[in-house]
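# Coordinate inspection notes
Here's the letter readout for the chains.
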Amino acid sequence: MQTLIIVSHPDIDGSTSQAFLRATAALEPHTEWVHLDGLEPAARHQLWSRVQAADRIIFQFPLYWYGAPASLWAWLDDEWTDHQVSAARAGELRGKALGLVVTTGHPSAAFRVGGSENVTLDQLMVPFWSLARKAAMVPLPALYINDFAHQSDAARAQTYIQYRQLLSMPHPGAPAELAAWFAQRARALGDELTATELTDRDDELAQLRGVVGDLRRGDDD
């Protein structure tokens, strides 16, 4: 399964959550990470061919004024034409999975009726689920990462697991698949690994720990 992560973020270099997610995504094979804001117009246009080649497409962004940043909407407006996307016409996205990873600077309790934002994140993401329905795509459970800079170690570990599952599980969060998913990763760290593979794994984990160590250095998106 090929997963394409399309990140929309105007200040990605200053985002500890995106650094954490990028380091985590690098541990998953068959996963491609693209920073939309860093592409020239020609490269943004060519991105459509990578969308076509992917089995799973993840839109990843910080919540900006109750929606996605402008770069994602501009790209969708320019490249996701009705002829290409509509399942009633060409249907080039039919059957592909669509997932969302949304970071916010507020605690989870803010996004509920009666909370400080008085709206749920699922309600705010309705335009993307409508797009998935229009294209006959398969919507995946959204991953909402709230107040990442102040998450506990346990919460960050949970974010790490949920993100890897979103990128790699056929049906993320499905109870019937969880045991097999964890067993697969346990085998990857087992005694059958060669010394070189173990060194590579240690390097990957050290990189991730380095990112985690930076998380307490200020607020994040």
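Coordinates for the structure precede this section.
The rules we used
Residues numbered from 1 in each chain as written. Predicted model: local features only at pLDDT ≥ 70, side-chain atom pairs only at ≥ 80, totals over all residues. Heavy atoms only, no water. Pairing = 2+ DSSP bridges. Helix = DSSP H or I, 4+ residues; strand = E, 2+ residues; numbered from the N terminus. Right-handed = clockwise from strand over helix to strand, strands pointing away. Phe/Tyr/Trp six-rings, centres within 6.5 Å; stacked < 30°, edge-to-face > 60°. Axes fitted to C-alpha atoms, helices over the stretch in contact; angles between N-to-C directions. Parallel < 35°, antiparallel > 145°, perpendicular 65-115°, else oblique. Left-handed = near helix turned anticlockwise from the far one by under 90°. Contact = heavy atoms within 4.5 Å. Nonpolar A, V, L, I, M, F, W, Y, C, P; charged D, E, K, R; others polar.

### Section: the pairing of strand E2 (residues 31–35)
Residues in a regular strand point their side chains to alternate faces of the sheet. Both strand E1 (residues 3–7) and E2 contribute to a ladder of five bridges, which runs parallel. Paired with threonine 3 across the two strands is threonine 31, which belongs to E2. Taking the sense of rotation as the criterion, the β-α-β connection linking E1, helix H1 (residues 16–25) and E2 turns out right-handed.

### Some details on the packing of aromatic side chains
Enumeration over the complete set of coordinates arrives at nine aromatic pairs. Ring-pair connections join several aromatic residues into one group, and the members of that group are Trp48, Phe59, Phe61, Trp73, Trp75, Trp80 and Phe128.

### Examining the packing of H1 against helix H7 (residues 153–168)
The geometry of H1 relative to H7 is characterised by a closest axis approach of 10 Å and an angle of 50° between their N-to-C directions. Considering the angle they form, H1 stands oblique to H7. Helix-helix and strand crossings are classified by hand; for H1 and H7 the assignment is right-handed. The segment H1 lies against H7, with Phe20, Leu21, Thr24 and Ala25 engaging Arg156, Thr159, Tyr160, Tyr163, Arg164 and Leu167. Residue classes in the contact of H1 with H7 are distributed as six nonpolar, two polar and two charged.

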